[in-house]
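Analysis of the macromolecular model
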2 protein chains.
Amino acid sequence: MTAAAARPEDTRPTPPARRRPGGRTARIRAQVHDAVLAELGEHGYDGLTMDAVAIRAGVHRATVYRRWGDVGGLLADVLDAASDDGWQPPDTASLKGDLAALNHEIQEALTAQPPIVAALIAASFRSEKADQAQQRLWEDRYARCEVIVSRAIERGELPPHTDARRLLIAATAPVYHQLVLLRTAPDPRLPDHAAGTAALAAFAGAFAGAPPDDDT
Amino acid sequence: MTAAAARPEDTRPTPPARRRPGGRTARIRAQVHDAVLAELGEHGYDGLTMDAVAIRAGVHRATVYRRWGDVGGLLADVLDAASDDGWQPPDTASLKGDLAALNHEIQEALTAQPPIVAALIAASFRSEKADQAQQRLWEDRYARCEVIVSRAIERGELPPHTDARRLLIAATAPVYHQLVLLRTAPDPRLPDHAAGTAALAAFAGAFAGAPPDDDT
(Lines give C-alpha, C1' and ligand atoms only; values in the text may rest on other atoms or scores of the structure.)
Protein backbone atom coordinates (compact mmCIF):
# COMPACT_ATOMS: atom_id res chain seq x y z
CA MET A 1 0.00 0.00 0.00
CA THR A 2 2.99 2.23 -0.52
CA ALA A 3 3.21 3.14 3.14
CA ALA A 4 -0.52 3.54 3.12
CA ALA A 5 0.01 7.12 2.10
CA ALA A 6 0.53 8.75 -1.25
CA ARG A 7 1.78 6.62 -4.12
CA PRO A 8 5.36 7.27 -5.15
CA GLU A 9 4.22 8.49 -8.54
CA ASP A 10 1.92 10.93 -6.80
CA THR A 11 4.58 12.13 -4.45
CA ARG A 12 7.44 12.92 -6.81
CA PRO A 13 7.71 16.66 -6.98
CA THR A 14 6.64 18.00 -10.38
CA PRO A 15 7.02 14.96 -12.59
CA PRO A 16 7.75 15.92 -16.19
CA ALA A 17 4.94 16.07 -18.73
CA ARG A 18 2.35 14.81 -16.29
CA ARG A 19 -1.14 14.95 -17.74
CA ARG A 20 -3.66 16.89 -15.71
CA PRO A 21 -7.17 15.60 -16.25
CA GLY A 22 -9.95 18.11 -15.73
CA GLY A 23 -9.97 21.85 -16.13
CA ARG A 24 -8.24 24.75 -14.50
CA THR A 25 -9.48 23.89 -10.98
CA ALA A 26 -8.10 20.38 -11.20
CA ARG A 27 -4.86 21.73 -12.65
CA ILE A 28 -4.41 24.17 -9.78
CA ARG A 29 -5.17 21.44 -7.26
CA ALA A 30 -2.54 19.17 -8.78
CA GLN A 31 0.04 21.99 -8.86
CA VAL A 32 -0.66 22.77 -5.21
CA HIS A 33 -0.43 19.10 -4.22
CA ASP A 34 2.92 18.75 -5.95
CA ALA A 35 4.14 21.88 -4.20
CA VAL A 36 2.96 20.64 -0.78
CA LEU A 37 4.78 17.34 -1.23
CA ALA A 38 7.94 19.00 -2.49
CA GLU A 39 7.99 21.51 0.39
CA LEU A 40 7.21 18.79 2.91
CA GLY A 41 9.97 16.56 1.54
CA GLU A 42 12.49 19.40 1.67
CA HIS A 43 11.56 21.16 4.89
CA GLY A 44 9.24 18.87 6.87
CA TYR A 45 6.10 20.03 8.64
CA ASP A 46 7.84 22.89 10.43
CA GLY A 47 8.96 24.43 7.15
CA LEU A 48 5.64 23.98 5.36
CA THR A 49 3.87 27.31 4.88
CA MET A 50 0.91 28.45 2.81
CA ASP A 51 3.03 31.14 1.18
CA ALA A 52 5.85 28.81 0.14
CA VAL A 53 3.29 26.40 -1.33
CA ALA A 54 1.60 29.21 -3.29
CA ILE A 55 4.92 30.46 -4.68
CA ARG A 56 6.14 27.00 -5.61
CA ALA A 57 2.82 26.07 -7.21
CA GLY A 58 2.66 29.37 -9.10
CA VAL A 59 -0.84 29.92 -7.72
CA HIS A 60 -2.24 33.07 -6.13
CA ARG A 61 -1.74 33.17 -2.39
CA ALA A 62 -5.38 34.19 -1.93
CA THR A 63 -6.54 31.14 -3.88
CA VAL A 64 -4.53 28.81 -1.66
CA TYR A 65 -5.87 30.40 1.55
CA ARG A 66 -9.47 30.47 0.26
CA ARG A 67 -9.49 26.91 -0.93
CA TRP A 68 -7.38 25.12 1.69
CA GLY A 69 -7.55 27.41 4.72
CA ASP A 70 -4.36 26.31 6.44
CA VAL A 71 -1.50 23.84 6.30
CA GLY A 72 -3.68 21.12 7.84
CA GLY A 73 -6.21 21.64 5.06
CA LEU A 74 -3.48 21.30 2.44
CA LEU A 75 -2.16 18.08 3.96
CA ALA A 76 -5.65 16.60 4.34
CA ASP A 77 -6.42 17.31 0.68
CA VAL A 78 -3.14 15.73 -0.44
CA LEU A 79 -3.86 12.64 1.64
CA ASP A 80 -7.46 12.41 0.45
CA ALA A 81 -6.32 12.72 -3.15
CA ALA A 82 -3.99 9.76 -2.66
CA SER A 83 -7.08 7.54 -2.42
CA ASP A 84 -8.25 8.67 -5.87
CA ASP A 85 -5.88 6.35 -7.60
CA GLY A 86 -6.15 2.91 -9.08
CA TRP A 87 -3.77 1.37 -6.55
CA GLN A 88 -4.24 -2.33 -6.01
CA PRO A 89 -2.14 -4.59 -3.82
CA PRO A 90 0.43 -6.82 -5.54
CA ASP A 91 -0.82 -10.12 -6.99
CA THR A 92 1.92 -12.74 -6.94
CA ALA A 93 -0.32 -15.83 -6.78
CA SER A 94 0.59 -16.70 -3.19
CA LEU A 95 -0.28 -15.25 0.21
CA LYS A 96 3.32 -15.04 1.32
CA GLY A 97 4.38 -13.45 -1.97
CA ASP A 98 1.58 -10.88 -1.86
CA LEU A 99 2.36 -9.88 1.73
CA ALA A 100 6.09 -9.69 1.02
CA ALA A 101 5.55 -7.51 -2.08
CA LEU A 102 3.23 -5.26 -0.04
CA ASN A 103 5.82 -4.94 2.72
CA HIS A 104 8.53 -4.09 0.20
CA GLU A 105 6.32 -1.29 -1.14
CA ILE A 106 5.80 0.00 2.40
CA GLN A 107 9.49 -0.16 3.28
CA GLU A 108 10.46 1.61 0.03
CA ALA A 109 7.93 4.36 0.63
CA LEU A 110 9.00 4.85 4.25
CA THR A 111 12.69 5.05 3.36
CA ALA A 112 12.35 7.06 0.13
CA GLN A 113 14.23 10.31 -0.33
CA PRO A 114 12.92 12.92 0.02
CA PRO A 115 11.06 11.40 2.99
CA ILE A 116 7.58 12.44 1.92
CA VAL A 117 5.56 9.54 3.29
CA ALA A 118 7.44 9.65 6.59
CA ALA A 119 6.82 13.41 6.75
CA LEU A 120 3.08 12.92 6.09
CA ILE A 121 2.90 10.42 8.95
CA ALA A 122 4.83 12.78 11.22
CA ALA A 123 2.47 15.60 10.21
CA SER A 124 -0.47 13.49 11.38
CA PHE A 125 0.88 13.98 14.93
CA ARG A 126 0.71 17.74 14.45
CA SER A 127 -2.47 18.54 12.61
CA GLU A 128 -5.92 17.20 13.47
CA LYS A 129 -7.02 17.52 9.83
CA ALA A 130 -3.97 15.66 8.56
CA ASP A 131 -4.50 13.03 11.26
CA GLN A 132 -8.06 12.34 10.16
CA ALA A 133 -7.10 12.25 6.48
CA GLN A 134 -4.19 9.90 7.22
CA GLN A 135 -6.58 7.60 9.06
CA ARG A 136 -9.00 7.64 6.11
CA LEU A 137 -6.17 6.80 3.75
CA TRP A 138 -4.95 3.94 5.92
CA GLU A 139 -8.49 2.57 6.14
CA ASP A 140 -8.77 2.78 2.35
CA ARG A 141 -5.45 1.00 1.81
CA TYR A 142 -6.12 -1.80 4.28
CA ALA A 143 -9.61 -2.29 2.83
CA ARG A 144 -8.14 -2.63 -0.66
CA CYS A 145 -5.56 -5.11 0.66
CA GLU A 146 -8.25 -7.47 1.91
CA VAL A 147 -8.35 -8.95 -1.60
CA ILE A 148 -4.97 -10.53 -0.79
CA VAL A 149 -6.71 -12.63 1.85
CA SER A 150 -9.80 -13.42 -0.22
CA ARG A 151 -7.59 -14.61 -3.08
CA ALA A 152 -5.68 -16.85 -0.63
CA ILE A 153 -9.00 -18.26 0.58
CA GLU A 154 -10.06 -18.94 -3.03
CA ARG A 155 -6.76 -20.72 -3.68
CA GLY A 156 -7.37 -22.88 -0.62
CA GLU A 157 -4.34 -21.47 1.20
CA LEU A 158 -6.45 -20.16 4.08
CA PRO A 159 -9.63 -21.24 5.85
CA PRO A 160 -12.81 -19.43 4.66
CA HIS A 161 -13.36 -17.30 7.73
CA THR A 162 -9.92 -15.78 8.07
CA ASP A 163 -9.86 -12.32 9.68
CA ALA A 164 -8.34 -10.38 6.80
CA ARG A 165 -7.71 -7.13 8.63
CA ARG A 166 -5.99 -8.76 11.56
CA LEU A 167 -3.77 -10.77 9.24
CA LEU A 168 -2.85 -7.65 7.23
CA ILE A 169 -2.02 -5.69 10.39
CA ALA A 170 0.16 -8.55 11.69
CA ALA A 171 2.02 -8.72 8.38
CA THR A 172 2.66 -5.00 7.95
CA ALA A 173 2.92 -3.67 11.53
CA PRO A 174 6.55 -4.74 12.13
CA VAL A 175 7.72 -2.71 9.11
CA TYR A 176 5.95 0.42 10.33
CA HIS A 177 7.04 -0.19 13.91
CA GLN A 178 10.72 -0.50 13.02
CA LEU A 179 10.84 2.43 10.63
CA VAL A 180 8.31 4.93 12.01
CA LEU A 181 8.49 4.38 15.78
CA LEU A 182 11.70 2.53 16.66
CA ARG A 183 13.50 4.28 13.76
CA THR A 184 16.06 1.55 13.43
CA ALA A 185 18.09 1.33 10.23
CA PRO A 186 16.03 -0.39 7.50
CA ASP A 187 16.58 -4.14 7.53
CA PRO A 188 16.32 -5.39 3.93
CA ARG A 189 15.14 -8.80 5.19
CA LEU A 190 12.32 -7.43 7.33
CA PRO A 191 9.63 -7.16 4.62
CA ASP A 192 10.02 -10.85 3.71
CA HIS A 193 10.42 -11.96 7.33
CA ALA A 194 7.33 -10.15 8.55
CA ALA A 195 5.30 -11.44 5.60
CA GLY A 196 6.55 -14.99 6.12
CA THR A 197 5.78 -14.87 9.84
CA ALA A 198 2.23 -13.68 9.26
CA ALA A 199 1.66 -16.26 6.52
CA LEU A 200 3.00 -19.04 8.74
CA ALA A 201 0.71 -17.96 11.57
CA ALA A 202 -2.21 -17.71 9.15
CA PHE A 203 -1.61 -21.24 7.82
CA ALA A 204 -1.51 -22.41 11.45
CA GLY A 205 -4.97 -20.90 11.97
CA ALA A 206 -4.01 -17.76 13.93
CA PHE A 207 -6.52 -15.57 12.12
CA ALA A 208 -9.31 -18.10 11.70
CA GLY A 209 -12.45 -17.03 13.46
CA ALA A 210 -16.17 -17.38 13.53
CA PRO A 211 -17.90 -16.15 10.38
CA PRO A 212 -18.81 -12.47 10.66
CA ASP A 213 -22.39 -11.67 11.62
CA ASP A 214 -23.27 -10.21 8.24
CA ASP A 215 -21.94 -13.23 6.36
CA THR A 216 -24.99 -15.45 6.75
CA MET B 1 7.33 -2.84 28.75
CA THR B 2 4.68 -0.32 29.63
CA ALA B 3 4.61 1.17 26.17
CA ALA B 4 8.37 1.13 26.20
CA ALA B 5 8.25 4.54 27.75
CA ALA B 6 7.94 5.70 31.32
CA ARG B 7 6.49 3.32 33.87
CA PRO B 8 2.97 4.17 34.98
CA GLU B 9 4.18 4.78 38.52
CA ASP B 10 6.72 7.21 37.09
CA THR B 11 4.15 8.99 35.00
CA ARG B 12 1.47 9.75 37.53
CA PRO B 13 1.61 13.42 38.29
CA THR B 14 2.84 14.13 41.80
CA PRO B 15 2.08 10.86 43.57
CA PRO B 16 1.43 11.38 47.27
CA ALA B 17 4.19 10.72 49.79
CA ARG B 18 6.62 9.49 47.19
CA ARG B 19 10.08 8.91 48.63
CA ARG B 20 12.88 10.75 46.90
CA PRO B 21 16.19 8.92 47.21
CA GLY B 22 19.30 11.12 47.09
CA GLY B 23 19.80 14.70 48.04
CA ARG B 24 18.47 18.03 46.94
CA THR B 25 19.61 17.62 43.31
CA ALA B 26 17.80 14.31 42.99
CA ARG B 27 14.74 15.81 44.65
CA ILE B 28 14.64 18.71 42.23
CA ARG B 29 15.08 16.36 39.31
CA ALA B 30 12.17 14.21 40.47
CA GLN B 31 9.95 17.29 41.01
CA VAL B 32 10.77 18.56 37.54
CA HIS B 33 10.11 15.16 35.96
CA ASP B 34 6.72 14.95 37.66
CA ALA B 35 5.91 18.45 36.44
CA VAL B 36 6.96 17.64 32.85
CA LEU B 37 4.75 14.56 32.79
CA ALA B 38 1.80 16.39 34.33
CA GLU B 39 2.11 19.31 31.89
CA LEU B 40 2.56 16.96 28.96
CA GLY B 41 -0.47 14.89 29.95
CA GLU B 42 -2.62 18.00 30.31
CA HIS B 43 -1.42 20.14 27.42
CA GLY B 44 0.60 17.94 25.08
CA TYR B 45 3.88 18.96 23.49
CA ASP B 46 2.53 22.26 22.21
CA GLY B 47 1.59 23.38 25.70
CA LEU B 48 4.80 22.24 27.35
CA THR B 49 6.96 25.20 28.36
CA MET B 50 10.02 25.60 30.55
CA ASP B 51 8.24 28.24 32.62
CA ALA B 52 5.15 26.14 33.29
CA VAL B 53 7.36 23.23 34.34
CA ALA B 54 9.36 25.46 36.70
CA ILE B 55 6.21 26.87 38.31
CA ARG B 56 4.56 23.48 38.67
CA ALA B 57 7.71 21.91 40.07
CA GLY B 58 8.27 24.80 42.47
CA VAL B 59 11.82 25.13 41.19
CA HIS B 60 13.62 28.29 40.11
CA ARG B 61 13.18 29.07 36.42
CA ALA B 62 16.92 29.67 36.12
CA THR B 63 17.67 26.22 37.53
CA VAL B 64 15.43 24.56 34.97
CA TYR B 65 16.99 26.47 32.08
CA ARG B 66 20.55 25.89 33.32
CA ARG B 67 20.12 22.20 33.90
CA TRP B 68 17.82 21.13 31.04
CA GLY B 69 18.30 23.85 28.44
CA ASP B 70 15.02 23.45 26.58
CA VAL B 71 11.87 21.37 26.34
CA GLY B 72 13.71 18.69 24.35
CA GLY B 73 16.26 18.42 27.15
CA LEU B 74 13.49 18.02 29.72
CA LEU B 75 11.79 15.29 27.71
CA ALA B 76 15.05 13.46 27.05
CA ASP B 77 15.88 13.46 30.77
CA VAL B 78 12.42 12.15 31.66
CA LEU B 79 12.76 9.36 29.10
CA ASP B 80 16.30 8.50 30.20
CA ALA B 81 15.16 8.37 33.82
CA ALA B 82 12.50 5.84 32.89
CA SER B 83 15.28 3.31 32.26
CA ASP B 84 16.56 3.73 35.83
CA ASP B 85 13.92 1.47 37.21
CA GLY B 86 13.74 -2.16 38.08
CA TRP B 87 11.19 -2.97 35.40
CA GLN B 88 11.20 -6.54 34.26
CA PRO B 89 8.86 -8.15 31.76
CA PRO B 90 6.02 -10.30 33.14
CA ASP B 91 6.83 -13.91 34.02
CA THR B 92 3.79 -16.14 33.56
CA ALA B 93 5.66 -19.39 32.90
CA SER B 94 4.66 -19.57 29.22
CA LEU B 95 5.75 -17.72 26.08
CA LYS B 96 2.21 -16.88 25.07
CA GLY B 97 1.32 -15.72 28.55
CA ASP B 98 4.41 -13.53 28.84
CA LEU B 99 3.80 -11.89 25.48
CA ALA B 100 0.12 -11.35 26.24
CA ALA B 101 0.89 -9.78 29.62
CA LEU B 102 3.49 -7.54 27.96
CA ASN B 103 0.99 -6.45 25.31
CA HIS B 104 -1.62 -5.70 27.96
CA GLU B 105 0.91 -3.45 29.72
CA ILE B 106 1.61 -1.68 26.43
CA GLN B 107 -2.06 -1.24 25.57
CA GLU B 108 -2.83 0.09 29.05
CA ALA B 109 0.02 2.58 28.89
CA LEU B 110 -0.95 3.76 25.41
CA THR B 111 -4.59 4.26 26.36
CA ALA B 112 -4.05 5.67 29.86
CA GLN B 113 -5.51 9.02 30.86
CA PRO B 114 -3.88 11.47 30.92
CA PRO B 115 -2.19 10.23 27.73
CA ILE B 116 1.38 10.65 28.91
CA VAL B 117 3.03 7.78 27.08
CA ALA B 118 1.21 8.65 23.85
CA ALA B 119 2.32 12.27 24.30
CA LEU B 120 5.93 11.22 24.83
CA ILE B 121 5.86 9.20 21.61
CA ALA B 122 4.25 12.12 19.76
CA ALA B 123 6.93 14.43 21.19
CA SER B 124 9.59 12.19 19.67
CA PHE B 125 8.35 13.39 16.26
CA ARG B 126 8.98 16.98 17.33
CA SER B 127 12.22 17.07 19.26
CA GLU B 128 15.48 15.49 18.14
CA LYS B 129 16.60 15.07 21.77
CA ALA B 130 13.32 13.41 22.76
CA ASP B 131 13.53 11.22 19.67
CA GLN B 132 16.98 9.92 20.59
CA ALA B 133 15.98 9.37 24.22
CA GLN B 134 12.80 7.54 23.15
CA GLN B 135 14.92 5.28 20.93
CA ARG B 136 17.30 4.56 23.83
CA LEU B 137 14.35 3.71 26.05
CA TRP B 138 12.81 1.40 23.47
CA GLU B 139 16.16 -0.33 22.99
CA ASP B 140 16.43 -0.76 26.77
CA ARG B 141 12.91 -2.19 27.06
CA TYR B 142 13.24 -4.61 24.15
CA ALA B 143 16.63 -5.75 25.47
CA ARG B 144 15.10 -6.46 28.89
CA CYS B 145 12.25 -8.37 27.23
CA GLU B 146 14.64 -10.80 25.58
CA VAL B 147 14.52 -12.83 28.80
CA ILE B 148 10.99 -13.83 27.78
CA VAL B 149 12.47 -15.67 24.83
CA SER B 150 15.42 -17.16 26.71
CA ARG B 151 13.04 -18.51 29.37
CA ALA B 152 10.90 -20.08 26.62
CA ILE B 153 14.03 -21.68 25.15
CA GLU B 154 14.98 -23.05 28.60
CA ARG B 155 11.48 -24.49 28.98
CA GLY B 156 11.84 -26.18 25.60
CA GLU B 157 9.02 -24.13 24.07
CA LEU B 158 11.31 -22.66 21.42
CA PRO B 159 14.35 -23.83 19.46
CA PRO B 160 17.71 -22.64 20.90
CA HIS B 161 18.56 -20.12 18.19
CA THR B 162 15.34 -18.16 18.13
CA ASP B 163 15.72 -14.52 17.11
CA ALA B 164 14.41 -12.88 20.28
CA ARG B 165 14.21 -9.33 19.01
CA ARG B 166 12.32 -10.24 15.86
CA LEU B 167 9.85 -12.32 17.86
CA LEU B 168 9.30 -9.47 20.35
CA ILE B 169 8.75 -6.95 17.55
CA ALA B 170 6.26 -9.26 15.83
CA ALA B 171 4.34 -9.73 19.09
CA THR B 172 4.17 -6.07 20.10
CA ALA B 173 4.11 -4.17 16.80
CA PRO B 174 0.37 -4.68 16.08
CA VAL B 175 -0.56 -3.02 19.40
CA TYR B 176 1.60 0.02 18.68
CA HIS B 177 0.47 0.13 15.04
CA GLN B 178 -3.23 0.13 15.91
CA LEU B 179 -3.01 2.63 18.75
CA VAL B 180 -0.18 5.00 17.76
CA LEU B 181 -0.39 5.10 13.96
CA LEU B 182 -3.79 3.81 12.81
CA ARG B 183 -5.37 5.27 15.97
CA THR B 184 -8.27 2.88 15.89
CA ALA B 185 -10.34 2.37 19.03
CA PRO B 186 -8.54 0.00 21.42
CA ASP B 187 -9.54 -3.60 20.79
CA PRO B 188 -9.47 -5.43 24.13
CA ARG B 189 -8.72 -8.71 22.32
CA LEU B 190 -5.73 -7.37 20.42
CA PRO B 191 -3.04 -7.87 23.13
CA ASP B 192 -3.89 -11.57 23.42
CA HIS B 193 -4.39 -12.03 19.68
CA ALA B 194 -1.09 -10.44 18.73
CA ALA B 195 0.74 -12.42 21.41
CA GLY B 196 -0.94 -15.66 20.35
CA THR B 197 -0.11 -15.06 16.70
CA ALA B 198 3.56 -14.41 17.41
CA ALA B 199 3.77 -17.44 19.70
CA LEU B 200 2.12 -19.66 17.07
CA ALA B 201 4.55 -18.42 14.43
CA ALA B 202 7.45 -18.94 16.83
CA PHE B 203 6.41 -22.51 17.60
CA ALA B 204 6.20 -23.07 13.82
CA GLY B 205 9.82 -21.95 13.52
CA ALA B 206 9.27 -18.44 12.09
CA PHE B 207 12.03 -16.90 14.20
CA ALA B 208 14.46 -19.78 14.21
CA GLY B 209 17.75 -18.85 12.61
CA ALA B 210 21.40 -19.71 12.46
CA PRO B 211 23.28 -19.20 15.72
CA PRO B 212 24.67 -15.68 15.97
CA ASP B 213 28.35 -15.23 15.05
CA ASP B 214 29.38 -14.41 18.60
CA ASP B 215 27.75 -17.53 19.99
CA THR B 216 30.53 -19.98 19.22
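To be clear, the structure that these remarks concern was listed above.
Okay, so let's go over this structure. The model shown is predicted, which means the values in this text are computed figures rather than measured ones.

What follows deals with the interface of chain A and chain B. Each side of the interface is counted separately: chain A has 30 residues, and chain B has 30 residues. Between chain A and chain B, the buried area comes to about 2800 Å², and carbon and sulfur atoms account for 70% of it. When the buried area of chain A at its contact with chain B is split by residue, A:F125, A:L181 and A:R183 rank highest and sum to 24% of it. Counting every contact that joins chain A to chain B gives two salt bridges. With its nearest N and O atoms 2.3 Å apart, the salt bridge here joins B:R183 to A:D131.

On to the packing of helix α3 (residues 50–57) of chain A against helix α4 (residues 61–68) of chain A, then. Residues and elements named next belong to chain A. Where α3 contacts α4, the axes come no closer than 9 Å and their chain directions differ by 120°. Between α3 and α4, the angle is such that the two are oblique. Of the two possible hands of crossing, α3 and α4 adopt the one that is right-handed. Judged by residue contacts, M50, D51 and A54 of α3 engage R61, V64 and Y65 from α4. When the residues that make up the contact of α3 with α4 are grouped by side-chain class, the tally is four nonpolar, no polar and two charged.

Empty space left among the atoms is revealed by rolling a probe the size of a water molecule over them. As enumerated under the stated definition, the model contains three cavities of 30 Å³ or more in all. The computed volume of the largest cavity comes to approximately 80 Å³. Contributing to the lining of the largest cavity are A:A170, A:A171, A:P174, A:A194, A:T197, A:A198, B:A170, B:A194, B:T197 and B:A198. Among the elements of the structure, α9 (164–182) and α10 (190–203) of chain A together with α10 (190–203) of chain B are those that each provide at least two residues to the lining of the largest cavity. Among the residues making up the lining of the largest cavity, the classes are represented as eight nonpolar, two polar and no charged.

Now for the nonpolar core. Counting residues in each nonpolar core, the largest one holds 82 residues, and the members touching the most others are A:L95, A:L99, A:L167, B:L95, B:L99 and B:L167. In this structure, A:L167 is in contact with A:L95, A:L99, A:V149, A:L158, A:T162, A:A198, A:A202 and A:F207, ignoring residues within four places of it in sequence.

Between chain A and chain B, the superposition needs a rotation of 180° and an axial shift of 0.0 Å, giving an RMSD of 0.0 Å. Overall, the copies show the geometry of a two-fold rotation axis. Considering only C-alpha atoms, the residue of chain A closest to the rotation axis is A:A201, which sits at 2.4 Å. Of the interface residues in chain A, 100% have counterparts in chain B that sit at the interface too, so the contact is made through matching surfaces.

Parameters and conventions
- Starting afresh in each chain, residues are numbered from 1 along the sequence in its written order.
- Working convention: letters from A go to chains and numbers from 1 go to ligands, in the order in which they are written.
- Reporting in this predicted model follows two pLDDT cut-offs: at least 70 for local features of residues, and 80 or more for side-chain atom pairs to be given and counted; totals over whole chains, interfaces and linings ignore these cut-offs and use all residues.
- In computing side-chain properties, one takes all heavy atoms of the structure into account and sets aside hydrogens as well as water.
- The contact definition used throughout considers only heavy atoms, calling two residues in contact when any of these lie within 4.5 Å.
- Defined in terms of a 1.4 Å probe, buried area is the accessible area two parts forfeit on being brought together, summed over both.
- Basic side-chain nitrogens of Lys or Arg form a salt bridge, by our definition, when they fall within 4 Å of a carboxyl oxygen of Asp or Glu.
- The axes used here are C-alpha line fits, helices contributing only the stretch in contact, and every angle between their N-to-C directions lies in the interval 0 to 180 degrees.
- Only DSSP runs of H or I with at least four residues qualify as helices, and only runs of E with at least two residues qualify as strands; both kinds are numbered from the N terminus onward.
- Roughly parallel means an angle under 35 degrees; roughly antiparallel means over 145; roughly perpendicular covers 65 to 115; every other angle is labelled oblique.
- The hand of a helix crossing depends on one turn: near helix anticlockwise from the far one by less than a right angle means left-handed, and clockwise means right-handed.
- For this classification, the nonpolar set comprises Ala, Val, Leu, Ile, Met, Phe, Trp, Tyr, Cys and Pro, the charged set comprises Asp, Glu, Lys and Arg, and every other residue, Gly included, is treated as polar.
- Here a cavity is any set of points on a 1 Å grid over the protein atoms alone where a 1.4 Å probe fits but cannot get out, and a pocket is any open set with protein on both sides within 12 Å along at least 5 of 7 lines; a residue lines the site when it has an atom within 4 Å of a point.
- Grid points are joined across faces, edges and corners, and a volume is the space filled by probe spheres set on the points.
- Take the buried Ala, Val, Leu, Ile, Met, Phe, Trp, Tyr and Cys residues and link them wherever side-chain atoms come within 4.5 Å; each set so joined is a nonpolar core.
- When a residue's accessible area, from a 1.4 Å probe over protein chains only, is under 20% of the maximum for its type it is buried; when over 50% it is exposed; and in between it is partly exposed.
- We place the copies in one frame by least squares, fitting the C-alpha atoms of every residue whose pLDDT is at least 70 in both.

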